[in-house]
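Breakdown of the fold
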Amino acid sequence: MVVGIAIGLSLAAPRADAAAPDIIVQQSSHQGASLELAQQLRERQQSLMALNQRADARDRALIGRKAVLATYGWTGDPDDVTAVLPLASYRVSAGFGLTGPLWEAEHGGQDFGASLGDTIVAVAAGTVTEVAYSGAYGLRTIVTLPDGTEVWYCHQADVSVYAGQLVDVAAPIGTVGSTGNSTGPHLHLEVRPAGSPVDPMDWLRAAGLTP
Ligand SMILES: [Zn+2]
C-alpha cells in the first residue's frame, strides 16, 4: 500500500516539478527508495507465495492421510491415531472365544469376512516380525507393536511386507485369502499383548474405533 502511493507520487512529480533541479534530485532519491521498497515487496510476495505453496502441499497431504484413516474407521485428528480397522469393509464373522469344530481350542481371534484380494492394512504401527505359512493360520503376518503386543493377520492370499520392515498404521500389508484352516475368504485377526490373545474387538474399541 505505502509503496504504491510512493510510486504514484514519484511518477507524478516530474510533470509538476520538472523545472526545479533540487526537486528532481529529491524525486530521483524518492524513486530509488521506491524501487528498493518495490523490490522488497516483490521478495516478500515471493516468499509468501512459497510459504503458501508449502502450506497447501501439507494440507493436501493431511487431507489425504485423513481420508485414508477415515476409510479404516478413524475419523479423529490424524495426529492422534493409534489404531485403525484392518479392512475398509467387512462382515463381522466368528468372534473371539468361540469353541467349535473349526478350532482346536477357543477361537483366539476375530474373523472379518471379506472378498478375496481385499487389502488388509496394519491396525497399528510396528515391526513385521514374521511372514510365513503357519498351519491352520495359513499365510500369516505378525506385526509387533512398540509395546510388545503381537498382531496376527491370518489366512492371507498375499503379503506385501517382509520381516524386519517397519509399517505405519493403515499401511497395506497384504490381501484377504482363505489359506490354512478356512472355509472362505476372511481375515482372522489376533491381538496378543502378553503372549496370549485378547478380544480384538475390545482392543479396537479401546483405541477409539467402532468395529
Ligand atoms: Zn478365525
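This text gives an overview of the structure that appears in the document. (Residues numbered from 1 in each chain as written. Predicted model: local features only at pLDDT ≥ 70, side-chain atom pairs only at ≥ 80, totals over all residues. Heavy atoms only, no water.)

On to the overall build of the protein chain. Per the secondary structure count, the protein chain includes 3 helices and 10 strands. Ordered by position from N to C terminus, the α and β elements of the protein chain give α-α-β-β-β-β-β-β-β-β-β-β-α. Once local pairs closer than 6 in sequence are excluded, the contacts in the protein chain between residues at least 24 apart make up 56%. Entry remark: accessible area of the protein chain is about 11800 Å², with carbon and sulfur atoms responsible for 57%. (Helix = DSSP H or I, 4+ residues; strand = E, 2+ residues; numbered from the N terminus. Contact = heavy atoms within 4.5 Å. Areas by Shrake-Rupley, 256 points an atom, 1.4 Å probe, with all protein chains shown as cover.)

This paragraph deals with the coordination of the zinc ion. Protein-derived coordination of the zinc ion comes from His107 (NE2), Asp111 (OD), Asp111 (OD) and His188 (ND1), at a distance range of 2.0 to 2.8 Å. Because the angles between the 4 donor atoms bound to the zinc ion fall within 51 to 153°, the donor set is best described as irregular. (Donors = N, O, S within 2.8 Å, 3.2 Å for Na, K, Ca; no water. Tetrahedral: all angles 85-135°; square planar, octahedral: opposite > 155°, others 65-115°.)

With that out of the way, let us pick up the packing of aromatic side chains. Counted according to the given criterion, the structure contains 2 aromatic pairs. A centroid spacing of 4.8 Å and a plane angle of 80° characterise the contact between Tyr90 and Phe112, whose relative ring orientation is edge-to-face. One end of the pair, Tyr90, is in the loop between α2 (21-71) and β1 (91-92); the other, Phe112, is in strand β2 (residues 110-113), with 22 residues separating them in the sequence. The partly exposed category is assigned to Tyr90, whose relative accessible area is 22%. Residue classification places Phe112 among the buried positions, given a relative accessible area of 0%. Seen in terms of ring centroids, Tyr137 and Trp152 are 5.2 Å apart; in terms of plane orientation they differ by 85°. Their pairing is edge-to-face. In this pair, Tyr137 sits in the loop between β4 (126-133) and β5 (139-144) while Trp152 sits in strand β6 (residues 150-156), placing the two residues 15 residues apart along the sequence. (Phe/Tyr/Trp six-rings, centres within 6.5 Å; stacked < 30°, edge-to-face > 60°. Buried < 20%, exposed > 50% of the residue type's maximum accessible area, 1.4 Å probe, protein only.)

Attention now moves to the pairing of β2. Of the two faces of β2, the one lined by Gln110 and Phe112 and the one lined by Asp111 and Gly113 are each fully buried. By the bridge criterion, 2 bridges tie β1 to β2 in an arrangement that is antiparallel. Across the sheet, Arg91 pairs through a bridge with Gly113, a residue of β2. Two elements, β2 and strand β10 (residues 186-192), share 4 bridges in a ladder whose sense is antiparallel. (Pairing = 2+ DSSP bridges.)

This paragraph deals with the nonpolar core. Formed by 34 residues in total, the largest nonpolar core has its most connected members in Val84, Tyr153 and Leu189. When residues of this core are traced back to their parent elements, those giving at least two are β3 (119-121), β5, β6, β10 and α3 (200-206). With residues near it in sequence (within four places) discarded, Val84 still touches Leu69, Tyr72, Trp74, Val121, Ala122, Val123, Val169, Ala170, Leu204 and Leu209. (Core = buried A, V, L, I, M, F, W, Y, C linked by side-chain atoms within 4.5 Å.)

In this section: the sheet that holds β5. As summarised here, the arrangement of the 7 strands in space is β1-β2-β10-β6-β5-β4-β8, forming an open sheet in which the pairing is antiparallel. At either end of the open sheet lies a strand with only one pairing partner, and these are β1 and β8 (166-167).

On a regular strand, one side chain projects to one face of the sheet and the next to the other, so that they alternate. Where burial is concerned, most of β5 is hidden: 6 out of the 6 residues are buried. Hairpin geometry of β4 and β5 is characterised by an intervening segment of 5 residues between the two adjacent antiparallel strands and by a positive phi of about 50° at Gly135. The turn linking β5 back onto β6 is made up of 5 residues, and Gly148 within it adopts a positive phi angle of 95°.

As a further point, take the sheet that holds β3. Two strands in a sheet stick together by hydrogen bonds in their backbones, pointing the same way (parallel) or opposite ways (antiparallel). In spatial order, the strands read β3-β9-β7; together these 3 strands make up an open sheet with antiparallel pairing. Each edge of the open sheet is held by one strand with a lone partner, namely β3 and β7 (158-159). With 2 bridges connecting them, β7 and strand β9 (residues 172-175) associate as antiparallel partners. Bridged to Asp158 within β9 is Thr175.

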